[in-house]
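# Fold and geometry: a report
Single-letter residue listing:
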Amino acid sequence: MARVSPIWHPMTQHKIFGRAVAIERAEGAHLYTKDGQDIIDGISSWWVNTHGHCHPKIVEAVQAQAAKLEQVIFAGFTHDPAEKLGRGLLRMVGAAFEGAGGLPLEFVFYSDSGSTAIEAALKMAIGAFAHKGEKRTKILALDGGYHGDTFGAMAAGGRSVFNAAYEPYLFEVEHLPFPEAGQEKKTLAALRTFLQRHGSQTAAFVFEPLVQGASGMRFYSPDLLRHMAGLCREYGVLLIADEVMTGFGRTGSLFACVRSGFIPDLMCLSKGLTGGFLPMGATLATRDIYKAFYHDEKAKMFFHSTSFTGNALACAAALASLQIWEEEPVLEDVARIEASHSRAAGWFSARPDVENVRVMGSIFALDIKGADNGYLAPVGAQIYDYMMAHGVLLRPMGDCVYILPPYCIEEADLEYIYATLWAALDSLRGDVEQRAA
Ligand SMILES: Cc1ncc(COP(=O)(O)O)c(C=O)c1O
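On a predicted model such as this, the values are computed, not experimentally measured, just so you know.

The rules we used
- Starting afresh in each chain, residues are numbered from 1 along the sequence in its written order.
- A pLDDT threshold of at least 70 governs which residues receive local features in this predicted model, and a stricter bar of 80 or more applies before side-chain atom pairs are shown or counted, although totals over entire chains, interfaces and linings include all residues.
- Only hydrogens and water are set aside when side-chain values are computed; all heavy atoms of the structure are taken into account.
- The helix and strand labels rest on DSSP assignments: H or I over at least four residues marks a helix, E over at least two residues marks a strand, and numbering proceeds from the N terminus.
- We call two residues in contact when some of their heavy atoms are within 4.5 Å.
- Should a side-chain nitrogen of Lys or Arg be within 4 Å of a carboxyl oxygen of Asp or Glu, the pair is scored as a salt bridge.
- Each residue is placed in one exposure class: buried if its accessible area under a 1.4 Å probe, protein chains only, is under 20% of its type's maximum, exposed if it is over 50%, and partly exposed if it falls in between.
- Nearness is judged by heavy atoms alone; a residue qualifies as near a molecule or strand once a single heavy atom is within 4 Å of it.
- Residues adjacent in sequence count toward polar contacts only when both atoms are side-chain atoms; beyond that, a polar contact is any pair of N or O atoms within 3.5 Å, and within protein one must be able to donate a hydrogen and the other to accept it.
- We get accessible surface area from the Shrake-Rupley algorithm with a probe of 1.4 Å; when it comes to residues, only the shown protein chains can shield them.
- Under the scheme applied here, ten amino acids are nonpolar (Ala, Val, Leu, Ile, Met, Phe, Trp, Tyr, Cys and Pro), four are charged (Asp, Glu, Lys and Arg), and all others, including Gly, are polar.
- A helix is expected to span 1.5 Å for every residue after the first.
- One bridge is not enough; two strands pair if DSSP finds at least two bridges between them.
- Patch membership requires more than 30% relative accessible area and the absence of a salt bridge. Residues of like charge join within 9 Å; the nonpolar side chains Val, Leu, Ile, Met, Phe, Trp and Tyr join within 5 Å.
- The nonpolar core is taken to be a set of buried Ala, Val, Leu, Ile, Met, Phe, Trp, Tyr and Cys residues, with the residues joined through side-chain atoms within 4.5 Å.
- Each domain's extent was defined by an automatic or database domain assignment.
- In this description, the term disulfide denotes a pair of cysteine sulfurs within 2.5 Å.
- Note on terms: buried area is the combined drop in 1.4 Å-probe accessible area of two parts once they are placed together, counting the loss on both.
- Helix axes use the C-alpha atoms of the stretch in contact, all axes being lines fitted to C-alpha atoms, and the angles between their N-to-C directions lie in the range 0 to 180 degrees.
- Note that the term roughly parallel is reserved for angles under 35 degrees, roughly antiparallel for angles over 145, roughly perpendicular for angles of 65 to 115, and oblique for everything else.

Note that Phe-162 resides in the loop between helix 5 (151-156) and strand 6 (174-176). Between the alpha carbons of Phe-162 and Ala-214 there is a distance of 10.0 Å; along the sequence they are 52 residues apart. Sequence-distant contacts of Phe-162, that is, excluding residues within four places in its chain, are made with Met-11, Tyr-146 and Tyr-375.

As structure tokens, this is what we get:
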């Protein structure tokens, strides 16, 4: 039990994992340790970073804001960065979804993280029906989904090692089978059957559009999502898009739902919202949902807040990030990364020890053949160690190894990551052959 540091780190088994790596500064796609090691951030520091670390425009905006106003209660008060960000976000989302089916997203509720953005969306959906006097208590989700670690978000997520200890405390959610390629009909049939029986009692369908991140970068088809959304709409079930990971260009389009051609009723954003600079969440809602809480009776307000809701520094960072999106060809960078990933996918697909090599936007992923699957598969730690020893941060999820870099990453760094991953897989070869024998 003897430890030098009192810090309890997230998603860390302290009995097994050594000392945390101390990072002193960061720039672009690179992290620098106290003792001068240069590490390429191959996972955008848990999928948050978009434009690179310490982007000068965001640094400047946060510094200027810090000298003026850092934080003020957001109930009954507001400030310029929050107002400008709200309008800017809605403009950006409106333009991205132009021509897509559904009501426009017209209201923005701020919170602090992806989990809190999800909690707010679930409470908005359930609360809206309750206020309208409609008894809709059921929630639909996809098996294997991950929406965060607060209780509502855990309940919406698939049941797994992440939440096994808490299962008795999680409210009931109907999890549809994940639509593996070729199995889409099974998912659609399960959805149809559920809606025929329970559609009128179902408040919302919550989903990670096109990619389930934490369950192993599992991709599914935009067409299927469009179909599922259409079916839900027939039964008045609200669509909650968890774009916490997929939002802000990660999959190649500004938001993943754009590729499925529909506007969700509630959209959850976080991670890339501030360019990955400061913690922040946002839940975007339609006027219809907002109206369900707009009432003469005070008791019908949306009873939800976190102390730092609308934090002025986070708003300033997000606003600066939005400006970068407006001024710089960010999606072209994502397309460049996608092209490099696709080339690399060609090479990796030829390896006998990997499978399901896949690319979407800035995401590259593969599964190691013959390894135990699941988040805890030891092969993940072996790859992590090898990559770190060679100056690259990748954090495989068990047998799923993925690369998800900041959009500013240079080609030479990408090439280095692919080459190092290739060598890391070679270093495992003996183990894989032994496992297969
Ligand atoms: C799709 C998705 N939703 C929600 C969350 C939770 O976000 P946070 O960790 O900011 O609470 C995550 C985090 O990885 C995520 O990937």
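Next up on the list: the pattern of salt bridges. Using the criterion set out here, one finds 15 salt bridges in the structure. Across the pair Arg-87 and Glu-83 runs a salt bridge whose closest N-O atoms are separated by 3.9 Å. Of the two residues, Arg-87 and Glu-83 are both situated in helix 3 (residues 80-96); the distance of four residues between them amounts to about one turn of the helix. Overall, Arg-87 belongs to the exposed group, its relative accessible area being 51%. For Arg-358, the salt bridge identified is with Asp-367, shortest N-O distance 3.2 Å. In this structure, a network of salt bridges that share partners links the residues Asp-333, Arg-336, Arg-343 and Glu-411.

Every residue close to the ligand is listed here: Trp-47, Ser-113, Gly-114, Ser-115, Tyr-146, His-147, Gly-148, Glu-208, Asp-242, Val-244, Met-245 and Lys-271. Taking Gly-114, its main chain carries an N or O atom lying 2.8 Å from an oxygen atom of the ligand. Within the side chain of Lys-271, a nitrogen or oxygen atom sits 3.0 Å from an oxygen atom of the ligand. In isolation the ligand offers 390 Å² of accessible surface; the protein chains occlude 83% of this area. A class-by-class count of the residues in the shell around the ligand yields four nonpolar, five polar and three charged.

Let us now look at the side chain of Asp-367. Along the chain, Asp-367 falls in strand 14 (residues 363-368). Since its relative accessible area comes to 12%, Asp-367 is described here as buried. Looking at Asp-367, its side chain comes within polar contact range of the side chain of Arg-358, at 3.2 Å.

Since one α-helical turn is 3.6 residues long, residues separated by three or four positions face the same way. In a regular helix each residue adds 1.5 Å, so 17 residues correspond to 24 Å; helix 3 covers 24 Å between its end C-alpha atoms and thus fits that length. For helix 3, every residue scored as buried is listed here: Pro-81, Ala-82, Leu-85, Gly-86, Gly-88, Leu-89, Met-92 and Val-93. If you follow the buried residues of helix 3, they end up packed against helix 2 (56-66), strand 4 (105-111), strand 11 (266-269), strand 12 (281-286) and helix 9 (312-327).

Strands sit in the order 1-2-3-15 across an open sheet of four strands; the sheet is mixed. Pairing within the sheet leaves two strands with one partner each, and these edge strands are strand 1 (23-27) and strand 15 (392-393). Pairing of strand 2 (residues 30-33) with strand 3 (residues 38-41), which is carried by three bridges, proceeds in the antiparallel orientation. Paired with Tyr-32 across the bridge in strand 3 is Asp-38.

It is worth spelling out a nonpolar patch on the surface at this point. A cluster of nonpolar residues, Phe-151, Tyr-166 and Tyr-169, forms a patch on the protein surface that exposes about 380 Å² of accessible area. Looking at where Tyr-166 falls in the secondary structure, it is placed in the loop between helix 5 and strand 6. On the basis of relative accessible area, Tyr-166 is assigned to the partly exposed category, the value being 40%.

Our next topic: the nonpolar core. Residues Phe-205, Met-217 and Leu-421 are the most contacted members of the largest nonpolar core, which totals 105 residues. Counting residues per element, this core draws most heavily on helix 9, which supplies nine residues. Of the residues that make up this core, three or more belong to each of domain 1 (23-54 + 331-436) and domain 2 (69-327).

We now examine the state of the cysteines. By definition, a disulfide links two cysteine residues through a covalent bond between their sulfur atoms. For the coordinates displayed, the defined rule picks out zero disulfides. A disulfide-free cysteine, Cys-268 has its sulfur positioned 10 Å from the sulfur of Cys-257, the nearest such atom. Cys-408 takes part in no disulfide bond, and the closest cysteine sulfur to it belongs to Cys-54, at a distance of 11 Å. Classification of Cys-408 by relative accessible area gives partly exposed; the value is 28%.

Side chains of strand 16 (residues 400-403) alternate between two faces, with Cys-400 and Tyr-402 and Val-401 and Ile-403 buried alike. As paired strands, strand 14 and strand 16 are joined by four bridges and run antiparallel to one another. Looking at strand 16, one finds that Ala-365 is bridged to Tyr-402.

Parsing the protein into structural domains produces domain 1 (23-54 + 331-436) and domain 2 (69-327). If you average the C-alpha positions of domain 1 and of domain 2, the two centres end up 28 Å apart. Summed over both sides, the interface between domain 1 and domain 2 buries roughly 2200 Å², with carbon and sulfur atoms accounting for 69% of that surface. It is Trp-47, His-51 and Met-360 that lose the most area in domain 1 upon contact with domain 2, and together they represent 32% of the buried surface on that side. Linking domain 1 with domain 2 are zero salt bridges, by the criterion used here. When contributions to the side of domain 1 that touches domain 2 are tallied by element, the ones reaching two or more residues are helix 1 (44-47), helix 10 (330-349), strand 13 (354-360), strand 14 and strand 16. When the residues that make up the side of domain 1 that touches domain 2 are grouped by side-chain class, the tally is 18 nonpolar, six polar and one charged.

Axis separation between helix 6 (residues 184-198) and helix 7 (residues 222-234) bottoms out at 10 Å; the angle between their running directions is 5°. The angle between helix 6 and helix 7 places the two elements in the roughly parallel class. In this structure, helix 6 uses Glu-184, Thr-187, Leu-188, Leu-191, Arg-192 and Leu-195 to contact helix 7, whose residues at the interface are Leu-224, His-227, Met-228, Leu-231 and Cys-232. Its residues assigned to classes, the contact of helix 6 with helix 7 comprises seven nonpolar, two polar and two charged.

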